[in-house]
Structure formats: structure tokens, C-alpha cells
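Okay, here's what each chain looks like letter by letter:
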Amino acid sequence: MDNAHAIEADAVVIGAGPAGLFQVFQLGLQGIAAHLIDALPHTGGQCAELYPDKPIYDVPGVPVCTGRELVALLERQIAPFPLQRHLGQTVAELALQPDGRVRLQTSAGTRLLARTVFIAAGVGAFVPRAVKAEGIDAFAGSQLLYHPDTATLPARAAGRHVVVHGGEDGAVLAAIACARAESAEAPASVTLLHRRDVFQAPPEALAELAALREAGRIRVVAGQITGIEAAGGRLQALQLALPEGGTSRLPLDLLLAYLGISPRLGPVADWGLAIERKQLVVDPASFRTSIAAIHAVGDINTYPGKRKLLLCAFHEATLAAFAAAETLSGGPVALQYTTTSTRLHERLGVAAPAA
């Protein structure tokens, strides 16, 4: 891979779950700008995908919050810092260079040359589960979108026949977001497709779904995709097997798939890092891996006494940021406190407290 056209970066964080987001924050406090890479098209990782509405009780100073709320709080926390996001991409290649920097290339062709890397990939990259139908992969990214952010859906769905595929809250919320779009962005139709007419989502979302169904703005179809119809390079319809037997044809312009996610260690295992039981071995003083320029925090790492807790991941990200700052600056880094440090207040964009 040619380094000539690579983006030079002080730090790259792989994984945009809570550990990765807090890593960005701690790097920001050290004055280190980061690039953030994640396989999903949005931040939050496992926290946002697997338990967005379940209560979390062990975040310091926050008696209770949901996974979705925690991600929103972490996003607010990193807002003051410069951050370049590369979402919907996985790291396909990673290699140490003779000068000690790390070369990365993503599945989207993004090339980065980093002085330090932080792997916060949890139990692996969370990859959306794919729609299983022969020939449908050709439309991924155009007419087939996996887990798109609901905020972008009205513009994407405007004037189109939209099918949302899935049975949990992601699919329900996506169908609602499309159906309640203003007239200028209204879709031609919205169909919610699931193997049965039963959905798992927060009560308020299910109530809104019921109201939109009653108003004729969302149609629900129970069935499973068995094939597709395409012509002229365009996806035109889905072929369905119905629960009661028989088949059906469902025309569409856009398919939004929310079928859950599955973790994959993927190419991490091929990066030449010391691994023990599918976890990266680190030094608990710095959270460096067997390659000094690469750190690992959160569920992806292992060391004596390791506990897979959010609290521990935040601690690990803090020490990893200090270790990286000392390496990048070439000397010790003074400990500063956000309560009193003028430098940290400047980086955070906040006014110094009155004396």
C-alpha cells in the first residue's frame, strides 16, 4: 500500500463504542486530534445496538441511563475536540512502518498513516447481519442500506417506495421516521417487513407504529425474503415466502435492513499482535500491545485482573492516552485537572471558574 496519498494522523481510534468515544475524549484532553473508524454507520457500537433502551447503573456519577443516552452523553463530551470520522468502514489492512508509524487502509479505501493507534473494538467489529438473497449484495450501498441513521432517512426515502426489514426497535423507529416525514420528503410508501407481525420496541414506539398503521402511512407485511427481481441494474422487487404458505411479490425502490449485528474479530487476528483467547495482550500500565505504537482498550484486551466493565474501559482509555501523549511529546506529561487547568479549559472550550 502506497503511503504517498495517506492521511497523516497523530492518533487513530478503531471502534466507536463507549470505550472508543471516551478514548477520543482523553486524547482530546492531551491535545491529540483523532480519527475514528467503525464498521457501523453511526457511533455507539454494542451499547447502541444491543441494549439501546436497557438501563445502565454503573457509570460513575450517572445513577441510571440507557445505552442510547450514554452514547449521546459521550458525544457531547467529545464535541469540543477535532475529530474525523470514518464510519461504515472496517480496517482491512494494518502494518507497522520502518519509522514506527502505523499504516491503515479501510474497506472504503481510506488510507491513514498514524503515529499511534487505539483498538477499542470490543469483541470485534460489529457487522450488520446481511439480507440473504442471491444477487442482492450488488445493491448494497445504493438501494440496500444496513442500519442507516434514522436522522438521514427522510431525505433518502423522499418519493420512494421504502421497505424496512426487521422486527426490533431499529426497524420500527426507521419505519416511523420515514412515515412521519414532512410532505416535501414524504416517501411514496412505507412497508415494514418482518417474518411475523410482532415487534420488539419501546412502548411509545409501538404505540406510534400502531397509529401510523391505522392511518395508512405504514403497511406491515409478514414474510421472509427468498429472492429478488432486478432489471436495468435496479432492484425492483422482493420475492417473499408467507407464513401461511404461498408466495408474494413486494415492489420497492429502497430496502433498509435492521437485522441485528454480529461481532467478528476479522483482520485483527492477522495484524501480528500478541493474542490470547481472541483478546489482545496489553501492558496494564500503558495498555500497549506487543507493538508499542498500538494500544488496546475495552473488551478487546486482556491482562492480569482484567474485568470487562465499562468503568474499567474508561480507566484503560485514560492511561492509554497518557502513555501515548508521553511518546508523542518525547517526555513526561504533567498531570492536570479539569477543575483548575487553564490549558484543559481552553481545549474543552469552557470558561475558567471564578476564583
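Counting restarts for each chain, with residues numbered from 1 along the sequence as it is written. With pLDDT at 70 or above as the cut-off, local features in this predicted model cover only qualifying residues; side-chain atom pairs require 80 or more to be listed or tallied, and sums for whole chains, interfaces and linings still use all residues. Calculation of side-chain values draws on the structure's entire complement of heavy atoms; hydrogens and water are dropped beforehand.

### A look at the packing of helix H1 (residues 18-29) against helix H3 (residues 67-78)
Okay, step 1: For the pair H1 and H3, interaxial distance at closest approach is 9 Å and the crossing angle is 15°. With respect to their mutual orientation, H1 and H3 come out roughly parallel. Here H1 runs over H3; the crossing is left-handed. Contacts between H1 and H3 involve Pro18, Leu21, Phe22, Val24 and Phe25 from the former and Leu70, Val71, Leu74, Gln77 and Ile78 from the latter.
Okay, step 2: The classification used treats Ala, Val, Leu, Ile, Met, Phe, Trp, Tyr, Cys and Pro as nonpolar, Asp, Glu, Lys and Arg as charged, and all other residues, Gly among them, as polar. Of the residues that constitute the contact of H1 with H3, the class distribution is nine nonpolar, one polar and no charged. To obtain an axis, a line is fitted to C-alpha atoms, over the contacting stretch when the element is a helix, and the angle between two such axes runs from 0 to 180 degrees between their N-to-C directions. Starting at the N terminus, helices and strands are each numbered in turn, a helix being any DSSP run of H or I of at least four residues and a strand any DSSP run of E of at least two. Orientation is classified from the angle alone, with under 35 degrees giving roughly parallel, over 145 giving roughly antiparallel, 65 to 115 giving roughly perpendicular, and any other angle giving oblique. Two helices crossing with the near one rotated counterclockwise from the far one by less than a right angle form a left-handed crossing, whereas a clockwise rotation gives a right-handed crossing. In what follows, residue pairs with any heavy atoms lying within 4.5 Å of each other are defined as contacts.

### Digging into the packing of aromatic side chains
Okay, step 1: What counts as a ring pair is set by centres within 6.5 Å for rings of Phe, Tyr and Trp (its six-membered ring), and what kind of pair is set by the plane angle: stacked under 30 degrees, edge-to-face over 60, tilted for all other angles. The full count for this structure, using the stated rule, is four aromatic pairs.
Okay, step 2: With centroids separated by 5.8 Å and ring planes inclined at 55°, the aromatic side chains of phenylalanine 25 and phenylalanine 81 adopt a geometry described as tilted. You can see phenylalanine 25 sitting in helix H1 and its partner phenylalanine 81 sitting in the loop between H3 and strand S5 (83-87), a full 56 residues away along the chain.
Okay, step 3: Each residue is assigned to one of three classes by its accessible area relative to the maximum for its type, calculated with a 1.4 Å probe on protein chains only: buried under 20%, partly exposed between the two thresholds, exposed over 50%. Overall, the relative accessible area of 9% leaves phenylalanine 81 in the buried class.
Okay, step 4: Between phenylalanine 287 and tyrosine 303 the ring centres are 5.3 Å apart and the planes differ by 75°, which places this aromatic pair in the edge-to-face class. Taken as a pair, phenylalanine 287 in the loop between strand S20 (279-281) and strand S21 (294-296) and tyrosine 303 in the loop between strand S22 (301-302) and helix H7 (310-329) lie far apart in primary sequence, 16 residues in all. Judged on exposure class, the residue phenylalanine 287 and its partner tyrosine 303 are both buried.

### Quick notes on unusual backbone geometry
Glycine aside, residues mostly have negative phi, and peptide bonds are mostly found in the trans state.
Okay, step 1: The phi dihedral of histidine 147 falls on the positive side, at around 50°, and the residue is not glycine.
Okay, step 2: The topology assignment puts histidine 147 in the loop between strand S10 (144-146) and helix H4 (153-157).
Okay, step 3: Residue histidine 147 is classed as buried on the basis of its relative accessible area of 5%.
Okay, step 4: With a phi angle near 65°, lysine 278 is a residue other than glycine that sits in the positive phi range.
Okay, step 5: By the secondary structure assignment, lysine 278 is in the loop between strand S19 (275-276) and S20.

### Digging into the sheet that holds strand S15 (residues 234-241)
Okay, step 1: Pairing in this open sheet of three strands is antiparallel, and the strands run S14-S15-S16 from one edge to the other. Looking at the sheet topology across the chains shown, the edges are occupied by strand S14 (224-231) and strand S16 (247-251). Put simply, the sheet's adjacent strands are angled 25° from each other on average, direction ignored. Note on pairing: two strands pair once DSSP finds at least 2 bridges between them.

### Considerations on the domain arrangement of the protein chain
Okay, step 1: Domain delimitation follows an automatic or database domain assignment. As far as domains go, the protein chain holds domain 1 (7-126 + 262-348) and domain 2 (130-259).
Okay, step 2: Distance between the C-alpha centres of domain 1 and domain 2: 34 Å.
Okay, step 3: Contacts between the two partners involve six residues from domain 1, matched on the other side by six residues from domain 2.
Okay, step 4: Around 410 Å² of area is buried between domain 1 and domain 2 when both sides are counted, 50% of it from carbon and sulfur atoms.
Okay, step 5: Contact with domain 2 buries surface across domain 1, with Pro41, Glu49 and Asp53 losing the most and accounting together for 61% of the total.
Okay, step 6: Only one rule defines a salt bridge in this text: a Lys or Arg side-chain nitrogen within 4 Å of an Asp or Glu carboxyl oxygen. Linking domain 1 with domain 2 are one salt bridge, by the criterion used here.
Okay, step 7: Where aspartate 169 meets arginine 68, a salt bridge forms, and the shortest distance between an N and an O atom there is 3.8 Å.
Okay, step 8: Identification of polar contacts relies on pairs of N or O atoms within 3.5 Å, with a donor-acceptor requirement for protein atoms, meaning one able to donate a hydrogen and the other able to accept it, and with residues adjacent in sequence counted only if both atoms are side-chain atoms. The interface formed by domain 1 and domain 2 holds zero residue pairs in polar contact (both at pLDDT 80 or more) in total. Reported buried area values correspond to the accessible surface (1.4 Å probe) lost by two parts on association, with both partners' losses combined.

### As for the UniProt feature "binding site: FAD" (unreviewed entry) in the protein chain
Okay, step 1: UniProt positions are given in the numbering used here, feature names are shortened, and annotations may be inferred rather than shown by experiment. Here the UniProt-annotated "binding site: FAD" (unreviewed entry) positions come out as Asp38, Gln46, Tyr51, Val91, Phe126, Asp299 and Thr339.
Okay, step 2: Here aspartate 38 lies in strand S2 (residues 34-38).
Okay, step 3: Here aspartate 38 falls in the buried class, since its relative accessible area comes to 9%.
Okay, step 4: When sequence neighbours within four positions are dropped, the list of residues in contact with aspartate 38 reads Gly15, Ala16, Gly17, His86, Leu87, Gly88 and Gln89.
Okay, step 5: Inspection of the secondary structure puts aspartate 299 in the loop between S21 and S22.

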